[in-house]
Amino acid sequence: MQKMAQSHVFLSGIGGLGVEIAKNIILAGVKALTVHDTKHCTKWDLGINFFIHEDDVTSQRNRAEATLHRIAELNPYVHVAASTVPLDETTDLSFLKHYQCVILTEVSLLLQKKINDFCHAQQPPIKFISADVYGVCSRLFCDFGDEFEVLDTTGEEPKEIFISNITQSNPGIVTCLENHPHRLETGQFLTFREVNGMSCLNGSTHQITVVSPYSFSIGDTSEMEPYLHGGIAVQVKTPKMCYFERLEKQITNPLCLVADFSKPEAPLQIHVAMLALNHFQENFGRRPNIGLESERSLLFPQVNGDVVKWLSRTAQGFLPPLAAAVGGVASQEVLKAVTGKFSPLQQWLYIDVLDIVTPLEKMGSEEFLPRGDRYDALRACIGDSLCQKLHDLNVFLVGCGAIGCEMLKNFALLGVGTGQDKGLVTITDPDLIEKSNLNRQFLFRPHHIQKPKSYTAAEATLNINPYIKIDSDINKVCPATENTYSDEFYTKQDVIVTALDNVEARRYIDSRCVANLRPLIDSGTMGTKGHTEVIVPHLTESYNSHRDPPEEEIPFCTLKSFPAAIEHTIQWARDKFESSFSHKPSLFNKFWQTYPSAEEVLQRIKSGESLEGCFHVVKTLSRRPRSWTQCVELARVKFEKYFSHKALQLLHSFPLDTRLKDGSLFWQSPKRPPFPVKFEFHDPFSCILLLKHCTHLQVVQTDETARKPDHIPVSSEDERNAIFQLEKSILSNEALETADLQMKPISFEKDDDSNGHIDFITAASNLRAKMYNIDPADRFKTKRIAGKIIPAIATATAAVSGLVALELIKVVGGYPADAYKNCFLNLAIPIMVFTEIAEVRRTEIRNGISFTIWDRWTIYGKEDFTLLDFINAVREKYGIEPTMVVQGVKMLYVPVMPGHIKRLKLTMQKLVKPSADKKYVDLTVSFAPETDGEEDLPGPPVRYYFVQEDN
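Source: prediction; values computed, not measured.

**Focus on the overall build of the protein**
Then step 1. Helix and strand content of the protein: 27 helices and 32 strands.
Then step 2. Computed over its C-alpha atoms, the radius of gyration of the protein comes to 33 Å, within 12% of the 30 Å expected for a compact globule of 951 residues.
Then step 3. When its C-alpha atoms are laid out on the principal axes, the protein stretches across 95 × 85 × 65 Å.
Then step 4. In the protein, 71% of the contacts between residues at least 6 apart in sequence involve partners at least 24 apart.
Then step 5. A total of about 43500 Å² of accessible surface is found on the protein, and carbon and sulfur atoms cover 53% of it.
Then step 6. In the protein, 101 positive and 118 negative side-chain charges are present, and the distance between their average locations comes to 3 Å.

**Regarding helix 13 (residues 453-464)**
Residues three or four positions apart in an α-helix share a direction because the helix packs 3.6 residues into each turn.
Then step 1. Taking 1.5 Å as the rise per residue, helix 13 with 12 residues should run 16 Å; its terminal C-alpha atoms sit 17 Å apart, in good agreement.
Then step 2. On its buried face, helix 13 is in contact with helix 12 (402-414), strand 19 (424-428) and strand 20 (470-473).

**With respect to the sheet that holds strand 4 (residues 101-104)**
Then step 1. Here eight strands make up an open sheet; going across it, the order is 3-2-1-4-5-6-17-16 and the pairing mixed. Strand pairing shows two members of the sheet lacking a second neighbour, strand 3 (79-83) and strand 16 (256-257), which therefore form its edges.
Then step 2. Sheet topology places strand 6 (residues 137-143) next to strand 17 (residues 348-352); five bridges connect them, and they run antiparallel. Pairing of serine 138 across the sheet is with isoleucine 351, part of strand 17.
Then step 3. Contacting strand 1 (8-12), strand 2 (32-36), strand 3, strand 4 and strand 5 (127-134), helix 1 (residues 16-28) runs over the sheet at an angle of about 170° to strand 2.

**Looking at the sheet that holds strand 11 (residues 205-207)**
Then step 1. Strand order in this open sheet of seven strands is 11-10-14-8-9-13-12, and the pairing throughout is antiparallel. Two strands bound the open sheet, and with one partner strand each, they are strand 11 and strand 12 (209-212). Across the sheet, the axes of successive neighbouring strands diverge by a mean angle of 40°, strand direction being ignored.

**Describing unusual backbone geometry**
Then step 1. Of the consecutive residues glutamine 123 and proline 124, the connecting peptide bond is found in the cis state with omega at -5°.
Then step 2. Along the chain, proline 124 falls in the loop between helix 4 (109-121) and strand 5.
Then step 3. Residue asparagine 170 is joined to proline 171 through a cis peptide bond whose omega torsion reads 0°.
Then step 4. By the secondary structure assignment, proline 171 is in the loop between strand 8 (160-166) and strand 9 (173-176).
Then step 5. Positive phi, close to 70°, is recorded for histidine 538, a residue that is not glycine.
Then step 6. Tracing the backbone shows histidine 538 in the loop between strand 23 (529-535) and helix 16 (556-560).

**Topic: the layout of surface pockets**
Then step 1. The calculated volume of the second largest pocket comes to roughly 1500 Å³.
Then step 2. Surrounding the second largest pocket, 43 residues form its lining, Asp487, Arg512, Ala515, Asp922 and Arg943 being those nearest its centre.
Then step 3. Where the lining of the second largest pocket is concerned, the elements lending two or more residues are helix 14 (487-492), helix 15 (503-515), strand 31 (920-927) and strand 32 (937-945).
Then step 4. A per-element tally of the lining of the second largest pocket places helix 15 first, with seven residues.
Then step 5. Grouping the constituent residues of the lining of the second largest pocket by class yields 14 nonpolar, 15 polar and 14 charged.

**A word on the environment of glycine 328**
Then step 1. Structurally, glycine 328 is set in helix 8 (residues 320-339).
Then step 2. Looking at glycine 328, the relative accessible area reads 0%, which means it is buried.
Then step 3. With 279 residues separating them in the primary sequence, glycine 328 and serine 607 have C-alpha atoms 71 Å apart.

**Considering the pattern of salt bridges**
Then step 1. Here the structure, examined in full by the defined rule, presents 45 salt bridges.
Then step 2. When the shortest N-O distance is used, the salt bridge between glutamate 248 and lysine 113 registers 3.8 Å. Of this pair, glutamate 248 sits in helix 5 (residues 247-252) while lysine 113 sits in helix 4; the two residues are 135 residues apart in sequence, bridging distant segments of the chain.
Then step 3. Here glutamate 248 falls in the partly exposed class, since its relative accessible area comes to 42%.
Then step 4. Across the salt bridge formed by lysine 263 and aspartate 352, the nearest N and O atoms sit 3.0 Å from each other.

**Overview of empty space enclosed by the protein**
Then step 1. If you walk through the whole model with that rule in mind, you get three cavities of 30 Å³ or more.
Then step 2. Put simply, the largest cavity is a space of about 250 Å³.
Then step 3. Of all the elements in the fold, those that place two or more residues in the lining of the largest cavity are helix 6 (266-284), strand 17, helix 25 (794-812) and strand 24 (821-826).
Then step 4. Tallying contributions element by element places helix 25 first for the lining of the largest cavity, with four residues.
Then step 5. Class assignment of the residues belonging to the lining of the largest cavity gives a composition of 13 nonpolar, two polar and seven charged.

**What about the pairing of strand 10 (residues 189-193)?**
Then step 1. Side chains of strand 10 alternate between two faces, with Leu190 and Phe192 buried and Phe189, Thr191 and Arg193 left unburied.
Then step 2. In this structure, strand 10 lies alongside strand 11, joined through three bridges in antiparallel fashion. Bridge pairing links threonine 191 to threonine 205 in strand 11.
Then step 3. Direction of pairing for strand 10 relative to strand 14 (residues 232-236): antiparallel, over a ladder of five bridges. Bridge pairing in strand 14 links arginine 193 to isoleucine 232.

**A closer look at the nonpolar core**
Then step 1. Within the largest apolar cluster, 151 residues are counted, with the highest numbers of intra-cluster contacts made by Ile115, Leu319, Ile382 and Phe411.
Then step 2. Here isoleucine 382 is in contact with Leu319, Ile356, Leu360, Met363, Phe368, Cys387 and Leu390, once residues within four sequence places are set aside.
Then step 3. Core analysis: the next-biggest nonpolar cluster, separate from the first, contains 29 residues, Ile566, Phe581, Ala647 and Phe760 among them.

**Remarks on the side chain of lysine 23**
Then step 1. By the element assignment, lysine 23 lies in helix 1.
Then step 2. Within the structure, lysine 23 has its side chain in polar contact with the side chain of glutamate 20 (distance 3.3 Å).
Then step 3. The contacts of lysine 23, once residues within four sequence positions are left out, are Phe50, Leu74, Glu406, Phe442 and Ala798.

**Details of the packing of helix 1 against helix 25**
Then step 1. Contact geometry of helix 1 with helix 25 gives a least axis separation of 9 Å together with a crossing angle of 150°. With respect to helix 25, the element helix 1 is oriented roughly antiparallel. Between helix 1 and helix 25, the residues in contact are Glu20, Lys23, Asn24 and Leu27 and Ala794, Thr795 and Ala798, respectively.

**Description of the packing of aromatic side chains**
Then step 1. One pass over the full model with this rule turns up 41 aromatic pairs.
Then step 2. Arranged with centres 4.9 Å apart and planes meeting at 50°, the rings of phenylalanine 591 and tyrosine 595 form a pair that is tilted. The two residues phenylalanine 591 and tyrosine 595 agree in class, both being buried.
Then step 3. With a centroid separation of 5.1 Å and 90° between ring planes, the pair formed by phenylalanine 639 and phenylalanine 679 is classed as edge-to-face.

**Remarks on helix 26 (residues 867-878)**
Then step 1. For helix 26, built from 12 residues, the straight-helix expectation of 16 Å at 1.5 Å per residue is met to within 8% by its first-to-last C-alpha distance of 17 Å.
Then step 2. Regarding helix 26, the residues found buried are Leu867, Phe870, Ile871, Ala873 and Val874. Along helix 26, the residues classed as buried sweep out an arc of 160° about the axis, all on the same side.
Then step 3. Just downstream of helix 26 lies glycine 879, where phi reads positive at about 80°.

**Re the pairing of strand 4**
Then step 1. Residues of strand 4 alternate between two faces, with Cys101 and Ile103 on one and Val102 and Leu104 on the opposite face, all of them buried.
Then step 2. The pairing of strand 1 with strand 4 spans four bridges and is classified as parallel. Residue pairing for strand 4: valine 9 is matched across the bridge by cysteine 101.
Then step 3. Once the chain exits strand 4 it traverses helix 4 before rejoining the sheet at strand 5, and the crossover so formed is right-handed.

**Thoughts on the side chain of lysine 409**
Then step 1. For lysine 409, the location among the structural elements is in helix 12.
Then step 2. In contact with lysine 409, other than residues within four places in its own chain, are Glu20, Phe50, Ala324, Phe442 and Ile464.

Rules used in this analysis
Residues numbered from 1 in each chain as written. Predicted model: local features only at pLDDT ≥ 70, side-chain atom pairs only at ≥ 80, totals over all residues. Heavy atoms only, no water. Helix = DSSP H or I, 4+ residues; strand = E, 2+ residues; numbered from the N terminus. Rg over C-alpha atoms; globule rule 2.2 N^0.38 Å. Contact = heavy atoms within 4.5 Å. Areas by Shrake-Rupley, 256 points an atom, 1.4 Å probe, with all protein chains shown as cover. Lys, Arg positive; Asp, Glu negative; His and termini not counted. Charge placed at Lys NZ, Arg CZ, Asp CG, Glu CD. Expected span 1.5 Å × (residues − 1). Pairing = 2+ DSSP bridges. Axes fitted to C-alpha atoms, helices over the stretch in contact; angles between N-to-C directions. 1 Å grid on protein atoms, 1.4 Å probe; cavity = no way out; pocket = protein on both sides within 12 Å on 5 of 7 lines; lining within 4 Å. Points joined across faces, edges and corners; volume = space filled by probe spheres on them. Nonpolar A, V, L, I, M, F, W, Y, C, P; charged D, E, K, R; others polar. Buried < 20%, exposed > 50% of the residue type's maximum accessible area, 1.4 Å probe, protein only. Salt bridge = Lys/Arg side-chain N within 4 Å of Asp/Glu carboxyl O. Core = buried A, V, L, I, M, F, W, Y, C linked by side-chain atoms within 4.5 Å. Polar contact = N/O pair within 3.5 Å; in protein donor to acceptor, adjacent residues only side chain to side chain. Parallel < 35°, antiparallel > 145°, perpendicular 65-115°, else oblique. Phe/Tyr/Trp six-rings, centres within 6.5 Å; stacked < 30°, edge-to-face > 60°. Arc of directions from axis to C-beta. Right-handed = clockwise from strand over helix to strand, strands pointing away.

Printed below as a string of structure tokens:
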């Protein structure tokens with residue numbers, strides 16, 4: 001961040017690709033950006049540049065000047081300037097010496113070579129990046145000088161491996177704990193600490209060779225003393241040198257990143273075709289005319305026919321989603337160039353979307369010709385018919401965060417939901433805008449903080465395209481809102497796009513899409529990583545068809561007594577916060593809501609009656625402080641309990657020399673013996689914990705006498721005296737009185753630095769870490785772990801949203817299965833992998849009867865339709881008799897269950913008990929296996945209509 005905040009960047013070409021790059025690097029936070037452009041705004045720009053408006057076109061403003069203030073307001077900490085002076089072969093390039101990175105878009109290849117030579121020759125070299133989008137093809141080139149040092153190649157946290165054994169051999173083999181694979185790679189470096197026995201390893205660094213997922217070698221250990229127990233190996237990040245060649249040399253000998261391994265030859269084919277296109281531009285002063293097959297031969301006939309044909313036909317056009325994807329990758333390369341963090345692209349990246357245009361082969365050239373509106377650049381790529389389908393599209397976007405904002409921008413540029421009679425974009429997000437959102441959710445500004453995301457995003461999208469129709473909600477999409485987002489609502493949508501941050505919501509929406517046969521496009525990011533997945537009825541598997549491995553949870557015993565890492569102590573501190581200031585006050589209030597009279601409770605207790613929660617309430621009342629001094633006293637007691645008495649108790653139960661049945665020490669890695677922590681005023685964590693505990697105690701109190709007097713400073717002598725007085729009374733265990741039966745629970749809020757929540761957790765965590773001899777964590781790391789903050793950056797969200805919008809075009813066009821692509825990317829490495837969709841599986845029942853997840857059988861009943869009638873109707877219509885009928889988690893009919901045979905005579909109305917407005921119910925059926933002893937065969941969902949629908 002500091003290096004970015006000191007960097008000056010020059011960007012030439014503020015068209016559709018240039019504005020994407022500018023947006024992303026300004027959000028990231030460079031010190032200064034100069035945007036250069038000599039062109040004037042045209043109606044064409046309205047469909048490719050989301051910061052150019054109709055009044056800019058009317059007044060024919062320069063593109064850099066028109067977008068300047070709109071780009072600048074993305075981040076007030078970045079100085080943004082505009083330049084409109086000509087940049088050509090005669091320009092003196094010495095002005096570029098003021099910049100650390102130069103980015104070129106929409107610049108001729110000859111000028112790119114000249115500027116690249118100049119940048120490469122400087123000491124230190126000026127980092128050079130060029131990027132272009134020509135119709136359905138794009139390219140990105142990087143040159144960071146002869147040598148470029150990368151400080152951190154991946155950005156991943158250094159791995160820590162707990163050791164179970166080290167052999168005394170050559171080479172020495174290190175084995176990690178059972179069921180804990182090291183996930184290291186040969187050639188990486190590790191340093192060791194806390195090794196007992198081979199103590200000479202502690203503090204030393206070794207290059208490793210992977211032997212197995214659970215072991216690696218570190219060189220000769222045969223002369224070292226025998227290994228006893230314990231030890232932690234910590235990965236050491238080592239700088240890496242990367243080497244680059246000039247553009248001139250790379251043109252003839254390109255080094256390309258392959259993104260789609262199903263066509264590894266594509267990058268070189270596009271490379272040659274684009275060079276031919278540049279040659280065409282130099283000769284004719286223009287790009288090939290839109291849709292003209294005759295100009296294809298003027299390019300490079302020896303190259304792959306489809307590549308040249310579609311590059312020639314669409315070169316004048318522009319696909320905004322492709323620019324978003326390439327712009328996201330290019331922006332990350334800029335950040336790498338100025339920081340030295342993450343592995344740079346070496347040196348070319350080509351992305352094409354030929355699978356979008358190939359099915360358009362039979363369209364006439366008139367389909368691609370301009371109509372004089374804002375969609376001409378798009379029309380030149382995908383034709384007018386597909387443009388109209390996008391205009392008439394009904395799309396449901398769930399989530400208006402980082403990906404959601406980018407998707408709305410893409411919708412606006414594509415004209416989604418702008419049809420005169422059809423088309424609507426429905427969006428929903430229950431969240432309010434927070435300050436931390438502003439670095440990646442580019443539709444929001446500081447004055448929008450605490451406003452609903454959906455309403456604000458809708459308003460901002462209308463500024464990009466005033467003709468888009470948006471219906472915005474603030475609802476959460478979940479079972480509780482199915483009256484709003486009903487089956488009828490889903491059937492009106494042409495496609496659902498999710499921009500969510502959790503798996504549970506994805507699974508729910510996926511189930512709704514499968515039930516209503518709606519296509520779904522899902523995506524997500526985590527830092528520089530991202531994924532996209534397209535789900536199409538009857539073609540692909542659904543999101544729920546596969547399961548991600550569950551998140552590894554910290555065992556309860558580890559949290560309670562045996563922490564081994566700072567993550568354990570942070571989670572313990574977070575749990576203590578929730579328990580003390582949220583959970584227990586809530587239980588206290590719930591008890592008095594159930595039993596509002598204290599006198600009644602007292603009488604019922606005296607009579608021997610057991611009241612749920614009574615013990616907790618009495619305990620709270622007896623210890624509840626009624627003054628600030630008593631808050632300090634109680635906090636001091638808690639300190640002794642958590643950080644002294646707990647350690648003494650564990651060491652009493654398990655002395656340091658305790659051994660297990662096999663003779664091994666009880667206290668060995670990963671178990672760490674605790675040692676009591678003494679309260680000291682000079683220890684900042686002790687004082688912070690005491691103060692914040694008192695502060696939160698006073699918040700949960702409704703008794704004003706427990707409030708901290710404003711005139712008493714934190715370090716006042718009175719508070720110190722109160723603490724020392726408490727030390728004398730710890731053994732007396734005096735009861736504390738209360739006069740109020742209500743408390744105010746505190747909800748954990750990580751983003752408000754003034755509330756002291758993170759301060760409490762940081763102090764408590766680090767005191768516990770000190771108790772177990774674990775390295776502490778600073779406030780920032782504690783906030784990230786305790787707040788479960790998912791790292792996010794605008795570059796990855798922009799790239800992912802662009803890829804989603806490209807798949808959206810295919811869904812709208814009704815493309816065949818082989819056209820769709822899922823993607824996984826990691827911009828840090830960098831890697832971008834396109835894969836074919838997972839074809840839907842067909843489940844065989846028997847006798848040729850089969851189904852997929854997209855199949856749904858239907859049965860129409862009537863008022864007196866019984867369960868037996870339903871079973872017979874399934875047999876008659878589909879040729880197989882159900883042996884089990886289930887509604888959600890409710891078993892309607894399982895023959896082996898007592899009393900279920902009698903249910904056959906009951907009506908479906910009585911069994912299901914539908915609400916008055918419910919027309920149908922979805923049931924799950926199973927069938928008898930072909931062989932006795934086998935499990936029942938699952939069937940597809942059966943939608944049972946209570947009455948026959950009118951035709």
